Each structure stands twice: as structure tokens, then as C-alpha cells.
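# Fold and geometry: a report
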Amino acid sequence: MPKPISIESWEGFMKTMNRRAFLKTGAATAAISIAAPIFDKTWFALAAAEAPGYFEREFAVTDAVCRRILAKALAKGGDYADLYFEHTISNYLILEDGKVNQAYSNVALGVGIRTVKGEQVGYGFTQELEEKSMAAAAATAATIAAGAAKIPPQGFTLLKTGDHYPLKILFSAVPLEPKLGIVQSVNDRCFDLSPLVIKVNAAYLDQQKRIMVVTSDGTKAEDLQPRIFLNASVVAEKNGRRERSGWNFGGRKNFDYFTPAVVEETAQIAVNRTLTLFDAVQPPAGEMPVVLGPGLTGILLHEAIGHGMEADFNRKKISTYSTMIGKKVAEPFVTIIDDGTTPNLTGSINVDDEGIPGQKTVLVDNGILTSYLHDRISAKFYGIQPTGNGRRQDYQNYPVPRMRNTYMPAGPASPEDVIKAAGKGIYVQDVSNGQVKIGEGDFAFFVSQGRMIEGGKLGAPIKDVNIMGNGPKMLTNMIMLANDFQFYQGGAGSCGKNGQTAPVGFGQPTVLVKSLTVGGTRS
Amino acid sequence: MKKELYDLAAWGIETAKAAGANGCRININSARTVEIGYRERKPENIKEASTKSLSLEVFVNGRYSSMSTSDLRKPALKEFISRAVAQTKLLAEDPFRTLPDPKYYQGRQNVDLEMVDPEYATWKPESRHAFVKAIEDSCLAKGGDKVISVTAETTDGHSESLLMASNGFDGYAEITYFVGSASMTAKDEGDRRPAEYGSAVALHLKDLVKPEVIGEEAARRTLALLGGKKIKTETLPIIIENRVVERIGGGLVDAMSGRSIQQKQSFLADKRGQKIASDFLTLIDDPLLKRGLSSNPFDGDGFAAKKRIMIDAGVLKEFYVDWYYSRKLGWEPTTGSPSNLIIPPGKRSVAEIMKDLGRGILITGFIGGNSNSTTGDASVGIVGQLFENGVPVQAVAEMNIADNHLKLWTRFVEAANDPYPYSSARVPSLVFRDVVVSGI
């Protein structure tokens, strides 16, 4: 089934807010209603120092309680069980028509309980962290097995993890005024930068997610995962024609990341990208060389190879990559990495959502396919160590293998030489979303902005065009890498799989792909 | 449960007023869902949970904010509400943000939309397992030796929802649903492993199709993708299959929202009363459809729901304008978002139309792509069948169509006779002429 990834913007958020607060049912998916978890009294007065033991301090979840709940989860046997406690506080500020006149807050509090038997999963969750409710959820999870009860461990050892995104001050301890200030100033700067700007939507998010994973193999892991972004979306008008674009900066960063310089840069990029579109044309349709600019275009790696390397698709043999480990899949200068340890990036994790430390996993090592992305279930299936890719959206979902920050290190060429080598084709600057069909390996990504390449040089701007390719073919077609590697520094990158979203990051240098299908309007 | 929701909402409104809110709107949801998946003839996942949530909009001294919680214990709620009100006072004033004029609450239809199956409780764990096993078995049987993997799943649920506003609105809605689906991956040439799904949904057990229909559909659709490849870029007639029309139609509907228009992000903003599509396109929004997946006698503002002709024989008649954006635009409000969308079906089947067209592409799936609501430019990857002399001759993949909505819909020439029953978009397959399909 298709596994889309999208760069979430605040427009997407507004759609969620404004939709009929009632049930919607999609074709292949379950029905949903607006989820809205628990709001807790601790929201406005959280402890400043973050010593281990948050869930015990705030919600009286002791080791003894965890042990009793795990015993319930293993009451009918099973190979393994875990508890995932989550407390997430999200705050959005929204500016429309010149003023910050809308705020939205959500608090998610709950626990998900999973029992695993081989590759089978039983799962229950509850929003009430009371023992009676947790025991009922554990009983649901236990139904996946039908054997003799197993005894949980006597005690739990706190997992030592990296510290890839230290939070100096909790977002909840930062007063509202400076947050309102940056949203207002990004709006004001956008209008100052060009008289053609007619509308600005600005949005700010801060989110602090606390998790605790307690497992039947005796591990206890805790983490505080911050996420923050500032987004500006601009509409400009010139000679009766309107164009819209935008930009965001963020990641797993502190509030003080938003210096006046960063706010200014957000406004400048958003406005410049919008104004460029007035000169944009639709490119011709068909196969042609495609140069991907540095940074955000790393979405291509995410779609073309990343999803196909998630081990659940491979143990089920439904990925096009399921027979390719150890084989040459790309030129020897191509290395592709999925990394949870990159400082302050959106997809970084100190620990994954099943208690495995965040780490760096090499997918393609100098052209050779080396490792899938594993969760506990697939690692056991393949008889290897998990890679720390077991991730989930929230306590209402069980974990599956997911990417973190997916990137390709730089090559030796200059970006100009890469463009020159393309001759005639297109240059991709920004990508808004992408999707892949795991089994075929066919993928698409939507180019919101780029340039024509003519005579080995950048030409007219282009926009709004979908590009199609095939993952394994595209990998062998990456023939030149530049020396200008960049990580995308936005905070709004979000990937969807099995109906669950997860924050992810990307990075790559300027790359020449010999041939992709460009979906223009001219034959 | 209904009385419990009412009591809680009424108490919440009183509490918000006592905390200093001038107005307030509460939405409380309570739901139970069960999900069972099978693979290799055994359960792959079993998941079950009850959720509840309360969301609150507060209007304080001309300021507005919204928050959500699922802690419905009164002491926690009371603190939640008073903090929400306090935080709202720090925001900028917004003179357009008020509760709706209660006159729009009037005229709600008192009809039974048949959204709840009284037999829901008879759907037991054994029934679920039997249903999902039969889906898996039929998919495996039909897929035969081409099968690499089959996953079957069933989900069902019962949810209740209450909307109450402090200026005299309350509306309660309830729904039950049953979903079955299967996804198959097949062996193809080289490393290609095409996958497709089949699915069905119903609000009443009696309306749910036999599990074999779902399993066989997944297998049939997957097998149809074998040998998929791209062909030369060409201008061709296309047929967009009913179950995927929403993906293209969504680009049109998004540009019809009051927010898009007021924020100058809609290519349709100045097109009301104008021809935007061929005579063949009529689009109806019907929230009062019996057993419709998005039926509801009131909308998110509490407005009495009514059937609306959004596009009439190619002429754009109405927009989706909620109370807030109606005030910003200075327009009369309609309703804030689409409910059940209907394009009246035509007379001929897809097979008959293919025969008539001779050569073209039947689009059965989309991949990636996007639509720009400001300009109307859309570009999206396609999967489907090339047909010649009315017969499918080649599966196509890795191809793309791109156009501007204002041009594309003028080339819409026919609706087939097959409205899709498993979505709130009850639309038939649609035929367009002269579309650039890009490949090699």
C-alpha cells in the first residue's frame, strides 16, 4: 500500500481543526474521530529540572505497578511485552490577517500496552493511568497469546541514552509574550519585504513529549523529546496573478533558537520563494536528467529507498528491496544513512518507542545495500540486533520500523559542475510531499519550486510539477554528487505510515540523477 | 451515555461562563473501536480501545482559543477551563470571532439518517475473526501462485458525539461502522512486487458485503498491475476510476472553502456564477443522505444541514463558507466543509465507455502529486491500464498527469454509471478527453 510522506504545514493543521467534528471513513482505513487526549493539571507548572522518574513523580507509576501490568500482559504467555507511557503537551499560535488571534493546545496522556508473540501483536491502550484501567488494556493485549503465563522481571534497569537535543528551558516555562512576539514579527517582516505581499499566515508550534518505555526484558527508558517550528506562508499578487509559498525553521531545538536573525531569514525565504513563482513556467513532460538541490530534496532518499528498507516490509517480502541485501545498488561513491543521533534535527531520538537507544544505521555503504531498519519484531525475525527504528505516533499505536533522519553525505564535485553535467533537464529546489509504492519501488515527489536547466545552466523558474521514478533504478542513476551537503533545518517534516505520523529529517548534497519522469503539461 | 454527555457539556458551559468566558462551544466524543488483522492465516494484530475527548472553544472579550482534553473528571476539567479562559485573554482581539447567529441553528431536519445499526452488539469477537479469515482465504485463493503476501483486516466501531454552544445550540450524533479490507502483494518480473487493496465499509451489518467480495477484489486489482511499465508521453482520453476520483476532485473542493477564498488562496475566489467546468459536471453536497458516511443533521457550527448544489452543469453555485469566514468575507454563510459529495451517475458502464473510446488510459490509482489551491495547477502520478479497442492491453506505472483545474474540468465529458458506495465521495468513474499522460 502507498506510504505517503508530507511536509506538514499549518494549513494542514487548520484543515484538521475546521473539519466536521464527526466521523469520517476512508476506503482502506478505519474510521477516525478527532483525537483529544488528557489535559493535566501539571501543564502550566512543570518541574524545571528533568531528573529521571517523571511518570512516577507525576502519575505514581512505580516499578511495582509496571511489574503488575506486565504480568497481566503476559498472563497468556507471549514472547515479550512492553508499556509505553506518554505525556505530550502541544501549543500552537496562529496568525491570520495581521494578528495572533488564535491559540490551540492539546495534551496527550496515556499508556499503550503491547504483547508480542513471534510476529503477532496484541495491543490495548488507555487514557487513564490508574491501575484498573491499565490492567484492562493489558488484558486486551494478552489475547494475542494462548499459553501459560510468564513472569515479568523482578526489577528494571534504567537505559543509558545519548542526549541529542538537550532542552534548557521547558517550553511550558517560556512566557506567552515572546512566543507571540516572534509570530507577529515574522508577519510584519514579510509585509515589509515586498509591496506585492497581500496575505501572510504565520504559525508557531512548541511540543514537549515525555515518554517512558518499560519492557518485559527488564529495561526502563525515559526521554523528553522537544519539537518546535515557526512557519510563514505568503500570498503575493502581481498583475492580477497570485502565487503562494512559504518556509519554516525548527527541529528538536530550544526556544532561544528563534533569534531575530532566524525570524528574519524565515520571512526572507518565504517572500523570495513566493515572488520567484511569478516568473515560473511548467516544464515539458517526459524523461530527462534531474538535478536535486541540497537539503530538503532528501525527501527523495526517504521515498526512493528509505521506506523500502523498513524491515517489516522485508520480512513480509513485500518490498522491492527484500532480496537485495549485500548487493550493489548504487555507484561506489553513494552512501545513505538513517540516523537518530544528529544533534537537534526533527527526526532525532535518544531512544526509540520500544526502549532501544537512538543510533546511526548505514543503509547503503559505498554502493552496497547493508542493513534494513529494524524494530524488535523484525530484529528477532532476522536474528540480529534492533537498530532503534521502532517508532510510533503516540500511545494509541504500536511501534513499527520508521525512519529518523535520512541522508546522503557529500561528493567531490562543485554544484555548478553537477548542473553543467545535466546539460538539459530540470533543477529541483523545493519538494512539498512524496509517496512510494513499496512493492514496485515506484515513487513520486512534488516539486513546488525549481528551475529549468538549459545549456548546462540554470534557466527559468518552474513550479507545481510531480516527478516520478523507480527507487532501485533511481539509485543506480545517481551519477554525480556535489560538495554542498545540507540538512533540511525545518521542524515540520512528518512521515505517514500505517495511518501513523512521525517527525523525520532529511539531508543531501546537490545530486545528478540521469533520468526521471517529469510530469509537465506539454508533450 | 447520551445523558452523561449532555450533563457534562451543560456543566462545562456553566463553568466556562463562571471563569469569565462570554461564550463557549463544547464538543464531546466517545468512541469504541476494535481492529483485527490476519496474515499467514493467523492474527497479526488485535487492538481494542475506548477513547473519549472533549474539545472546547472559548470566546473571551473578543478573543478566541481552542483546546482539547480527554480527562473528563470534573475537578481536572474545571481547572482546564479556567486556564483556557485566562490564556485567551493574552491573544489579539478578533472582532469576527463570535458564536454563530442562532437563526442558523433553526430548521434542523428531524429525520432518522439511519447512522446506527441496532444490531451492532451482535458483532462478536468470533464474528470478526470469521469475517477477516474469510477475506484472507478468498484473496489467497484468487491470487493463487502469484501471491507473495496477503494481509486482511477488519475494523468496527461505535461513536457518539455531542456539540453544544452557550447561545442555545445542542446536537447529538451517533454512528456505527464496519470495515473490511485486504491488501495483496504479487510476484512480477524482476524485483517488482505490485500491491493493491480491496475494501468495503458499511454503517449497518446488513449492508456489509460478503468477505469474499473484498478478498477477491484485492487479488483481482493486484493481478491487474502485473507487468506495469511506463509508455511514451501522449495526449489521450482518460477514465478516472470511481474510488480514486476524490484525489483529483479534492483539488477543486479545497479551493471552494471560505478560508481559501478569504486568505486569497483560491483560484475559484471570483468564479461564483461562472462556468468552471463542462456541462457534464454537477456536484451536490448532501449531508442528509441516509446511511451516508458523512451524514449529519447539523454542521460544525451547528447550522441546520441541507442539500446543496455546489456546481450545476458546470456553473459554480456555492462555496463552503463557515460562520467565521462568512463574517470576514461579508458573505452569507453556507456550511464550513463538505459532507457527502455526489456527482450524478451517467448511463454507461466503464466497459462500454472504454469500447467507445477505443484507446485511452483507465486510471485506477494515484501516487504522490499535489494541487495548488491558489493557482489551480495540479500534477499527480498515475497507475492503471492502457486500453486499445476498448480492452486493457498493458498495465501502466510510473506515469503522470498534470493540468490546471480550470482547464481539466472543461474536458470532462462523461460520468459512468458506477457511484462508489464506500466513501463520503459517492462519485462515479469520470471521463476526460485530451489529457497529457507523461512517461518516457
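Residues numbered from 1 in each chain as written. Chains lettered and ligands numbered in written order. Predicted model: local features only at pLDDT ≥ 70, side-chain atom pairs only at ≥ 80, totals over all residues.

## Some words on the nonpolar core
Test applied: Here a nonpolar core is just a set of buried residues of the types Ala, Val, Leu, Ile, Met, Phe, Trp, Tyr and Cys, joined wherever their C-beta atoms sit within 7 Å. Burial is judged by counting the other C-beta atoms within 10 Å of a residue's own C-beta: 20 or more makes it buried, 12 or fewer makes it exposed, and any count in between marks it as partly exposed, with every C-beta position built from the backbone. Only DSSP runs of H or I with at least four residues qualify as helices, and only runs of E with at least two residues qualify as strands; both kinds are numbered from the N terminus onward. Residues are defined as contacting one another if the C-beta atoms placed from their backbone atoms lie within 7 Å.
Residues Ile113 and Val291 of chain A are the most contacted members of the largest nonpolar core, which totals 201 residues. The dominant element in this core, judged by the number of residues it contributes, is strand β5 (residues 169–186) of chain B, at eight residues. What Ile113 of chain A contacts, discounting residues up to four positions off in sequence, is Ile69, Ala73, Leu83, Gly124, Phe125, Met134, Ala137, Ala138 and Ala141 of chain A. Counting 56 residues, the second largest nonpolar core, distinct from the first, contains Ala103 and Phe249 of chain A together with Phe59 and Leu162 of chain B.

## Some thoughts on the sheet that holds strand β11 (residues 360–365) of chain A
All names here are of chain A. Our working definition: Any two strands between which DSSP finds at least two bridges are classified as paired.
The six strands lie next to each other as β12-β11-β10-β15-β24-β21, forming an open sheet whose pairing is mixed. Looking at which strands have only one partner, the edges of the open sheet turn out to be β12 (368–369) and β21 (486–487). With three bridges connecting them, strand β10 (residues 336–339) and strand β15 (residues 405–407) associate as antiparallel partners. Bridge pairing links Asp339 to Asn405 in β15.

## A word on the confidence of the model for chain B
Rule in force here: The quantity called pLDDT is the predictor's confidence in a given residue, expressed from 0 to 100.
Residue-level pLDDT values for chain B average 94, and 100% of them are 70 or greater. Predicted complex metrics record ipTM = 0.90 and pTM = 0.91.

## Here we look at the domain arrangement of chain A
Residues and elements named next belong to chain A. Stated formally: The start and end points of each domain follow an automatic or database-based domain assignment.
The domains assigned to chain A are domain 1 (35–279) and domain 2 (286–518). Each of domain 1 and domain 2 has a C-alpha centre, and the two are 24 Å apart. Listed per partner, the contact involves 42 residues of domain 1 and 31 residues of domain 2. Every element with two or more residues in the side of domain 1 that touches domain 2 is listed here: β2 (80–96), β3 (99–117), β4 (120–126), β6 (197–215), β7 (219–238), β8 (241–251) and α6 (260–276).

## Quick notes on helix α3 (residues 63–73) of chain A
All names here are of chain A. Heads up, the rule is: What the arc covers is the set of directions going from the helix axis to the C-beta atoms.
Taken together, the buried positions of α3 are occupied by Val65, Cys66, Ile69, Leu70, Lys72 and Ala73. Down the axis of α3, the smallest arc covering the buried residues is 155°, so these residues share one side. Tucked inside the fold, the buried residues of α3 contact β2, β3, α4 (131–142) and β6.

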